[in-house]
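Observations on the model geometry
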Amino acid sequence: MTINEILQLRLEQQFITRPFTGSAPELAGHLCAMQAQDYAAGKWAMGLRLPGFTDALADAAFTDKSLIRTYSLRSTFHIVHPADARWLTALARERFISTTASQHRKLELDEKTFAKCNAIIHDALSGGKEQTRDELKTLLEKKKINCEPQRMNNILYRAGMDGVICSGKRRGKEFTYALLDDYVPPAKKLPAEEALSLLALRYITGHGPATAQDFSWWSGYPVTACKAALLSHGKTLHAVTVQEQEYWMLPETKPGKPSTGIKLLSGFDEYYMGFKDKRPMLDEAFSKHLSPPNGLLPYIILLNGKVAGTWRRNIKKNAIGLEYAPFKPFSGAQQKALKDAAKTYGKFMELPLEWEG
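Scope of this entry: the structure provided in the associated data block. Quick caveat: nothing in here was measured; it's all calculated off a predicted structure.

So, how was this worked out
Residues numbered from 1 in each chain as written. Predicted model: local features only at pLDDT ≥ 70, side-chain atom pairs only at ≥ 80, totals over all residues. Heavy atoms only, no water. Phe/Tyr/Trp six-rings, centres within 6.5 Å; stacked < 30°, edge-to-face > 60°. Helix = DSSP H or I, 4+ residues; strand = E, 2+ residues; numbered from the N terminus. Buried < 20%, exposed > 50% of the residue type's maximum accessible area, 1.4 Å probe, protein only. Lys NZ or Arg CZ within 6 Å of the ring centre and 35° of its normal. Pairing = 2+ DSSP bridges. Contact = heavy atoms within 4.5 Å. Axes fitted to C-alpha atoms, helices over the stretch in contact; angles between N-to-C directions.

A look at the packing of aromatic side chains
All chains considered together, the criterion is met by 16 aromatic pairs. Ring geometry for Phe-96 against Tyr-157: centres 6.3 Å apart, planes inclined by 85 degrees, an arrangement best described as edge-to-face. Residue Phe-96 is located in helix α5 (residues 82-99), and its partner Tyr-157 is located in helix α9 (residues 149-161); the two are separated by 61 residues in the primary sequence. On the basis of relative accessibility, which here comes to 2%, the residue Phe-96 falls in the buried class. Ring-pair connections join several aromatic residues into one group, and the members of that group are Trp-44, Tyr-299, Trp-311, Tyr-345 and Phe-348. Over the ring of Tyr-183 we find Lys-65, and its NZ or CZ is 4.7 Å from the ring centre. Taking the ring centre of Phe-175 as reference, the NZ or CZ of Arg-69 above it sits at 5.0 Å.

Below is the structure:
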């Protein structure tokens, strides 16, 4: 197997080069956890894969609770299937507490303070109420809780990791928080080792082929624990060695025809953010475009499965302005392919496109 075949398999497993024919919750379940601290980018990640899915339908799915946006892996928001919300959050909580202990000491946030904050937040949101960050901040400050920005961030993270809150309905352009209990039914608790093993299988199913290091980055767990979780599945998962790297995948998976053409993704899309090692999809000559130290890019252009440039959107009242910046000049055919790819985004937003710049 070659690196290009690995990329081809990832594109197929993530339903970027073939349409997903199920529902939006089923897509979230397939990918297990879709990074979504950028709400608009998270919605587009679903629209890219689901023909006929629109920005408005995405909003409706969060409103009717068929999709959940909650704190999860790597202490950031992810889109998840309701059935996955509790065990994913519980698993991520264990790592969140151990990796943030030093920071919490510096911020003078201890278990007693977190418990007090959780109780205040829970009471404020009981009865189906949903409140914004500023509204919760005001309530906490009335109870003599110091809510300077970093402390407030960690108070909300911890409330999310403790299974108290999730993202609620939007109020105009503002985001709210709601009780997780109001969005997700109770579920059986999984032991951490069993949950990590399940996460390994789900990750490879939706993202593979991938390395143990990739899974470690994505899950937040140490490489040794991730390797053990992958090995726990025996012949259910298969490892191949490519360029001295061990890639895990489902045994029956084989790449289809090589991917050609252009796709427009967000920089938080699972195809990009789901892997620690970005080198297979980003030529070394273009690495200067990364934002150190975390390797972030804004909205990205994929050409034949590799990052070939960036794009920018400007949402107006009656149109979307688009700009693009290829890492090297596009041919006439590539520019046409880019505009064809952009039409998919226009349909998702249900707005006409205007090219800028």
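Some points on the sheet that holds strand β1 (residues 34-35)
With antiparallel pairing, the 3 strands of this open sheet are ordered in space as β1-β3-β2. The open sheet has two edge strands with one neighbour each: β1 and β2 (68-71). With 4 bridges joining them, β2 and strand β3 (residues 77-80) adopt antiparallel strand pairing. Its bridge partner being in β3, Tyr-71 is matched across the sheet by Phe-77. Packed onto the sheet, α5 meets β2 and β3 and runs at close to 5 degrees relative to β2.

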